[in-house]
Amino acid sequence: MNIHEVNAETVDRHIPDLAPTAFIGAGGQKRVFKCEYHGETWALPLIVVSDNPDVTLDGADSEFGLNSDQVIARLRREVEIMRKCDSPHLVKMGPMDVTPVKIENLSILYFLEEYIDGDDLKHIMTQDRMPIDQIKDVGVHVTRAIDALWNCDPSQQIIHRDLKPANVMRRASTGEFVVLDVGLAFDLLDESISHPGQVPGTTLYFTPDQLDHTRKRQMDFRTDMFALGVILYEATTGKHPFYSTSMSTMDLFKSILHAKPKPVRDLRPDAPNELEVIIMRLLAKKPHLRYRTCESLLDAFDRVDSRGDT
Amino acid sequence: MTLLAQHGWGKTLKITKALGSGSIGGLILSPRDETPENAAAVLESIAGDHPDATRLFDPLFHAGQVVPANVGKLPDYSYYRPNLARRDFIGASKFAGYAADVLGFQYTLNVTSLVAPTIELVNFGDSSAQIALQLADASSTHHASTDDKRSLLLSFLINENALQSLDELDAFLDAITVMNADGYYLMMSRASSTHNALIEPSRLAALMYMVYILRVVNGFDVYCGYSDLIGLPLHAAGATASACGWYGTLRRFTFNRFRKSKGGRRPRPRYLSTPVLESILISEMDQISQAGLIDEFISGTSYDNDFRTKLPFTVAWPDEDAALHHWEALAAKVNEIESLTVDDALKKLVDWIDTAEAIRSEAEIGGVQFEPPSGDHLDMWRLAIQQFREMAELT
Ligand SMILES: Nc1ncnc2c1ncn2[C@@H]1O[C@H](COP(=O)(O)OP(=O)(O)O)[C@@H](O)[C@H]1O
């Protein structure tokens, strides 16, 4: 079975406790369903860690290049940390531990998280041009999420690493933007599954820090700041700062590493100058040219006049 | 006022005079040259007379790297560790101990900021950089655990050769820009013993870039020790303050300061001529005077008027006057650029370089023979400014 074939009916059959479920979205190695649990609505992400039928997820999978104990332990730890990060801009974890399940050949881990009733930014961006005050909200809310991840547990600072419009949702009830899909243990997953070619969309949001293998630099929250810069650039101008149609992946990476994006206001003249300054600075190739702290970035957003320039 | 006195041996009344006249804005005290009691008293008395003066105490922890060392009164300080070797930097508790001792002593002093211990950083990618980072980190952790609300300056003593490798500098800057501190005290350990102002352009550009990234982009205070004239390009790049002392090893850092001196001859007297951005020899001043060009070289301080009217070699030029003149002249230049944007300050600096070269050419045509490598730094600075502009994308 292929991950894309996992539908609500399959889930209901294999995880009867949570039935009935409904499909709501898909990511690279992931299918997300909606379900009811103890009378409340939850999102149910299913993460496929292997499609090898012989993998058992009982810790004895090392011969398949997968340390499943470690994968499960790490995902559990991350869910636990997320539980401690109390921010309205991070998706909340639900009342269930990370649980393995085998669906035919697929080895899957699932857990519960807050179901966000609203639209994701990828979808919002393809509709009308976003108003400046809403773009500013995206900036402020995602920065708070980056800050919460980095600072909620000093012994375990978290980098999201996969910020992209599909991972940012807008809560319809409050208008707050919420970051999804935090730091899942992709790098520990089965090689064949986590192959970049199988993660469409994500390469667009790679950062120079991730692509620069020569410097062995340690990444920190400023890597997420860069990805936020890409998101804000797209939200403001409708264009990706580094990608243009028919670019190969290699060319995209070169562009992320070296190209200087066109100034925001060339493409969106009514954007305030302060917003352009922030976005361009977030897109700086070197982390030390971005912002030293999330607070200083929030201060900068504070100075953006969201009525736009006239 | 952001020129500071780099304090050392034989302070006499120079510092109080210069503070009184406003040509320096404070000092960086050297424990090598004062007993602990005196150091405390000097800082206390300056705080009393000049409450706004910047008062720093450079612990000179790195002097412990020199063996055998000529470290003056440093052994009187309880935090001082002689004969520092690799084994002294193994284990986190050692770092925590050094930080606690070095900062602990300073908490008792009337200083305006605390200065963290460091060792010489030979290469941004090697173990010396790791040790320097660990000392900085331990200091930041220690300071955050105390009730002392004064600002903390992390300190780095960078061998000028390290400034050659820009990729490693970038990674280093990535690391220190997220440290929990108020500012940085940067020193450059010089390889050559020639002219203070002479420096490989790429190294000066890299140091300017460090200053710019830390101060202008990331908002840390940046104090540059032992800078002399090189303080000018560093101020142009955004430095909060630079420090300069009254003799050679207080104007340019080399580890010779902590080695037994071989005696040697007394340095020949010099005069800081800000129009040519250089300390020139009094014998050169004589030739300039004979060529009728002295006015072009005069800095115009409260000490140098006699050079206008008398033959330079007849002017009484005691060391103390030369030092006070040096500060006043340098401070005037610093003041001219310190409130400018980086772009404007760099333009002004290039103007000064152009003027200096024009004045020198005029003098050379008039028969003045400058002793090499006099003047060579001007082109180096010009190149450094260009390289720095490219690095900082200020073109
Ligand atoms: N907690 C949630 N509440 C509501 N919708 C969600 C939730 N999690 C994911 N989704 C939907 O599923 C889509 C894909 O999930 P996502 O976590 O972005 O996967 P990936 O990061 O692998 O692309 C999202 O864009 C969103 O529309």
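These figures come from a predicted structure and were not determined experimentally. (Residues numbered from 1 in each chain as written. Chains lettered and ligands numbered in written order. Predicted model: local features only at pLDDT ≥ 70, side-chain atom pairs only at ≥ 80, totals over all residues. Heavy atoms only, no water.)

**Some remarks on the interface of chain B and chain A**
Counted only if it meets this: Contacts are residue-level and defined by heavy atoms, with any inter-residue pair within 4.5 Å sufficient. Once two parts are brought into contact, the accessible area they lose, counted with a 1.4 Å probe and summed over both, makes up the buried area. Basic side-chain nitrogens of Lys or Arg form a salt bridge, by our definition, when they fall within 4 Å of a carboxyl oxygen of Asp or Glu. Whenever two N or O atoms come within 3.5 Å, that pair is a polar contact, provided that in protein one can donate a hydrogen and the other can accept it, and provided that, for residues adjacent in sequence, both atoms are side-chain atoms. To qualify as a helix, a DSSP run of H or I must reach at least 4 residues; to qualify as a strand, a run of E must reach at least 2; elements of each kind are numbered from the N terminus. When residues are sorted by character, Ala, Val, Leu, Ile, Met, Phe, Trp, Tyr, Cys and Pro go into the nonpolar class, Asp, Glu, Lys and Arg into the charged class, and all the rest, Gly among them, into the polar class.
Across the contact, 15 residues belong to chain B and 14 residues belong to chain A. In total, chain B and chain A occlude about 1,200 Å² of area from one another, counting both sides; carbon and sulfur atoms represent 40% of this. Between the two partners, chain B and chain A, sit two salt bridges. K286(A) is paired through a salt bridge with D170(B); the nearest N and O atoms lie 3.3 Å apart. Between the two partners, chain B and chain A, sit 11 residue pairs in polar contact (both at pLDDT 80 or more). When residues of the side of chain B that touches chain A are traced back to their parent elements, those giving at least two are α5 (166-176) and α6 (201-217) of chain B. Looking at the side of chain B that touches chain A, the element that brings in the most residues is α5(B), giving five residues. The residue inventory of the side of chain B that touches chain A, partitioned by class, reads eight nonpolar, three polar and four charged.

**Overview of the side chain of N159(B)**
Residue and element names in this part refer to chain B. With respect to the helices and strands, N159 occurs in strand β6 (residues 151-159). For N159, the side chain forms a polar contact with the main-chain nitrogen of N161, separated by 2.8 Å. Beyond its immediate chain neighbours, meaning those up to four positions away, N159 contacts E120, L121, V122 and S189.

**Considerations on the domain arrangement of chain A**
Using the following cut-off: Where each domain begins and ends follows an automated or database-derived domain assignment.
Partitioning chain A into structural domains gives domain 1 (3-114) and domain 2 (118-302). Distance from the C-alpha centre of domain 1 of chain A to the C-alpha centre of domain 2 of chain A: 25 Å.

**Topic: the sheet that holds strand β7 (residues 118-120) of chain A**
All names here are of chain A. Quick reminder of the rule: Strands are treated as partners if at least two bridges between them are detected by DSSP. Working convention: axes come from line fits to C-alpha atoms, limited for helices to the stretch in contact. Angles between N-to-C directions cover 0 to 180 degrees.
The three strands lie next to each other as β7-β8-β9, forming an open sheet whose pairing is antiparallel. At either end of the open sheet lies a strand with only one pairing partner, and these are β7 and β9 (177-179). Here the average twist between neighbouring strands, direction ignored, is 30 degrees. Contacts from helix α4 (residues 132-151) reach β8 (168-171) and β9 within the one sheet, and its direction differs from that of β9 by about 35 degrees.

**Thoughts on the domain arrangement of chain B**
Residue and element names in this part refer to chain B. Segmentation of chain B into domains returns domain 1 (2-258) and domain 2 (270-391). Listed as interface residues are 38 residues of domain 1 and, on the opposing side, 34 residues of domain 2. Regarding the contact of domain 1 and domain 2, the summed buried area is about 3,100 Å², with carbon and sulfur atoms giving 77% of it. Sorting the residues of domain 1 by area buried against domain 2 places H195, L229 and L232 first, and these three jointly supply 19% of that buried surface. Across the domain 1-domain 2 interface, the total number found is one salt bridge. A salt bridge links K17 to E320, with the shortest nitrogen-to-oxygen separation between them at 2.7 Å. At the level of elements, β1 (3-6), α1 (14-21), α6 and α7 (231-236) are the ones that each hand at least two residues to the side of domain 1 that touches domain 2. Residue contributions to the side of domain 1 that touches domain 2 peak at nine residues, all from α6. Broken down by class, the residue content of the side of domain 1 that touches domain 2 amounts to 27 nonpolar, seven polar and four charged.

**Observations concerning the pairing of strand β5 (residues 106-110) of chain A**
Residues and elements named next belong to chain A. Quick reminder of the rule: Burial classes follow relative accessibility: with a 1.4 Å probe on protein chains only, a residue under 20% of its type's maximum area counts as buried, one over 50% as exposed, and anything between as partly exposed.
By the criterion of burial, β5 is predominantly enclosed, with five of the five residues buried. As paired elements, strand β3 (residues 40-50) and β5 share four bridges and run antiparallel to each other. Directly across from I47, in β5, lies its bridge partner L109. Where strand β4 (residues 99-103) and β5 come together, five bridges link them in antiparallel fashion. Pairing of P100 across the sheet is with L109, part of β5. In this antiparallel pair of consecutive strands, β4 and β5, the connection spans two residues, and E104 shows a positive phi of 50 degrees.

**A word on the state of the cysteines**
The following threshold applies: What counts as a disulfide here is a pair of cysteine sulfur atoms lying within 2.5 Å.
In the structure shown here, the tally under the stated rule is one disulfide over all chains. Between C85(A) and C152(A) runs a disulfide, and the two sulfur atoms are separated by 2.3 Å. Across the S-S bond of C85(A) and C152(A) the torsion is about -45 degrees, and the bridge reads as left-handed. Of the two residues, C85(A) sits in the loop between α2 (68-84) and β4 while C152(A) sits in the loop between α4 and β8, which places them 67 residues apart along the sequence. Look at C85(A) and you get buried, because its relative accessible area is 6%. The class of C152(A) is partly exposed, set by a relative accessible area of 27%. The closest cysteine sulfur to the non-disulfide-bonded C294(A) is located on C85(A), 12 Å from its own sulfur. You can call C294(A) buried: its relative accessible area is 4%. C224(B) takes part in no disulfide bond, and the closest cysteine sulfur to it belongs to C244(B), at a distance of 13 Å. The exposure class of C224(B) is buried, given its relative accessible area of 4%.

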